[in-house]
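Understanding the architecture of this molecule
What follows is the residue order along each chain.
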Amino acid sequence: MSTQHIRFSQSKMLRKMYRRELLEDYDDYEYSRKSFFTKIDSNFNILKVQKINNPQLYGLYLLHKEEMKLDNSIGDVREETLFHATSVKNAKSIARNNIDWRLTGRTRFGKGACFSPNAPYAHQYAGRKGAFVVVKVLVKKFETTGINYDLEIPSTNCDTTLGNEGNVYVKYDDHTFIPKYIVHYS
């Protein structure tokens, strides 16, 4: 690992986040060019969108991202925008505390936090009054897996497993994902 000094360039943005509410209504999603809203809107009725402002989680996420960049193992760090479907109650807890991958009950592709690039696929796990948590996920090196309820950590140098033909991403570390929006839908 390099011993060079890391300049933390996001401190100004984090200070601004401290002045905001944890959840802010985000009405501009209808005009947003962000494709993840389109993926939801084309399959579901969006009732409300809330932007998550959690400077503590964001700071930890950025530090972990820098740490992954300094790791000399193969591969560049990518940020994927994925969906985590859950109940509205859980979504609000996730905004405050993030997803605790150790408490995951569904472990079909590994015992970790699960995400999907496919909103309808993720919806299967949301319940009747659902919410999508739109999440940024750090991925450097992944391995593909089949159904494996016992997988606790991916093989050496992998930080992510992919299952069900890329419909499921499983993460096994804290702060390698950050909730950005809660999308309430029907």
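Residues numbered from 1 in each chain as written. Predicted model: local features only at pLDDT ≥ 70, side-chain atom pairs only at ≥ 80, totals over all residues. Heavy atoms only, no water.

Going by the annotation in an unreviewed UniProt entry, the name recorded for the chain is Poly [ADP-ribose] polymerase, with Acyrthosiphon pisum given as the source organism.

Notes on the pairing of strand E9 (residues 177-185)
Across the nine residues of E9, eight count as buried, placing the element largely inside the fold. Pairing analysis gives five bridges linking strand E2 (residues 46-52) to E9, with the strands arranged antiparallel. The partner of Lys-48 across the bridge, within E9, is His-184. Pairing between strand E5 (residues 130-139) and E9: seven bridges, direction antiparallel. Following the sheet pairing, Val-135 is matched in E9 by Pro-179. (Buried < 20%, exposed > 50% of the residue type's maximum accessible area, 1.4 Å probe, protein only. Helix = DSSP H or I, 4+ residues; strand = E, 2+ residues; numbered from the N terminus. Pairing = 2+ DSSP bridges.)

Some details on the pattern of salt bridges
This structure, assessed with the given rule, holds four salt bridges. Between Glu-79 and Lys-65 there is a salt bridge whose closest N-O contact spans 3.6 Å. Here the residue Glu-79 occupies a position in strand E3 (residues 78-87), and Lys-65 occupies one in helix H3 (residues 55-70), the gap between them amounting to 14 residues. By relative accessible area, which is 35% here, Glu-79 ends up partly exposed. Linking Glu-80 and Arg-78 is a salt bridge whose minimum nitrogen-to-oxygen distance equals 3.0 Å. (Salt bridge = Lys/Arg side-chain N within 4 Å of Asp/Glu carboxyl O.)

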